[in-house]
Amino acid sequence: SPRFGSLDNTDFDEQEFERTFPKAPGLALPLCWHWIRRQNALVVAGDSEGAAAAADNAEPVLWVTEAFPEFVEHHFYAALARADCLGRADEATKPRLRAALDSNLRRLDTFAENSPHTWASRASLASAELARVEGRERDAMDGYERAIRAARAENFIHIEALAFELAARFYDARSFELVAA
């Protein structure tokens, strides 16, 4: 795509898709997966607000994907986005954001308990991000480490890379430039 974090390309226009598909209830699955992929792209691009908005848009049609791994991916990327937004949210927005985040984290914990090989790295990373936002630095450090180790053990290179990126931001914000690099 021409812009990092965007799904646009010469054959696909995100805004047109987002305007058209809600009018076709039979196409709820592709619409839901679109919003989940938008969350993913926007988290990776560092646009937490956009990713949180995409998560909000996915939730009315999330029911169509409960039997697919994308259901967990929604909760993972929504948790990362909402945790980051929570750190900058105004007092009026925090309760709604925190309730949604807590729901995402509970789901991730359940999936990680039932299938730790597949989902533990994601649950650990989301928990680390919440710990970062809440100022629980040691919990954040432990969470990043657990996420990286679990992702590496299961060969989830993309989750390992994301965990390293988020850990690097954490350390860089605390002036640990060498560790962050």
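Parameters and conventions
- Here the residue index of a chain counts from 1 through its sequence in written order.
- Side-chain atom pairs in this predicted model are given and counted only at pLDDT of 80 or more, local residue features only at pLDDT of at least 70, and totals for whole chains, interfaces and linings cover all residues.
- Only hydrogens and water are set aside; all other atoms, that is, all heavy atoms of the structure, feed into the side-chain values.
- Secondary structure follows DSSP: runs of H or I at least 4 residues long count as helices, runs of E at least 2 residues long count as strands, and numbering of each begins at the N terminus.
- Think of it in three bands: residues with accessible area under 20% of the maximum for their type are buried, residues over 50% are exposed, and the middle band is partly exposed, with areas taken using a 1.4 Å probe on protein chains only.
- Nonpolar cores are built from buried Ala, Val, Leu, Ile, Met, Phe, Trp, Tyr and Cys residues. Side-chain atoms within 4.5 Å join them into one set.
- We call two residues in contact whenever any of their non-hydrogen atoms come within 4.5 Å of each other.
- A pairing counts as a salt bridge when a side-chain nitrogen of Lys or Arg comes within 4 Å of a carboxyl oxygen of Asp or Glu.

**Quick word on unusual backbone geometry**
- Positioned with a positive phi, Asn-155 is a non-glycine residue whose angle comes to about 65°.
- With respect to the secondary-structure elements, Asn-155 resides in the loop between α7 (137-153) and α8 (157-173).
- By relative accessible area, which is 59% here, Asn-155 ends up exposed.
- In this model, Ser-175 sits at a positive phi of 65°, which is unusual for a non-glycine residue.

**Some remarks on the nonpolar core**
- Within the largest apolar cluster, 41 residues are counted, with the highest numbers of intra-cluster contacts made by Phe-76, Leu-80, Leu-125, Tyr-144 and Leu-162.
- Secondary structure elements with two or more residues in this core: α2 (28-44), α3 (48-58), α4 (69-86), α5 (94-114), α6 (116-133), α7 and α8.
- Looking at this core, the element that brings in the most residues is α4, giving 9 residues.
- With residues up to four places along the chain from it excluded, the contact list for Leu-80 reads Val-43, Leu-125, Ala-126, Glu-129, Leu-162 and Leu-166.

**Side note on the pattern of salt bridges**
- Overall, the coordinates contain 18 salt bridges when judged by the stated rule.
- A salt bridge links Arg-96 to Asp-56; its shortest N-O distance comes to 3.8 Å. Residue Arg-96 is found in helix α5, and its partner Asp-56 is found in helix α3; the two are separated by 40 residues along the sequence.
- Residue classification places Arg-96 among the partly exposed residues on the basis of a relative accessible area of 46%.
- Since its relative accessible area comes to 32%, Asp-56 is described here as partly exposed.
- In this structure, the salt-bridge partner of Arg-174 is Glu-137, at a minimum N-O distance of 2.9 Å. Pair noted here: Arg-174 is in the loop between α8 and α9 (177-180) and Glu-137 is in helix α7, with a separation of 37 residues, a long-range link.
- Of the residues examined, Glu-137 reaches a relative accessible area of 40% and is grouped as partly exposed.
- A cluster of three or more residues bridged by salt bridges with shared partners is formed by Glu-49, Asp-84, Arg-88, Glu-129 and Arg-132.

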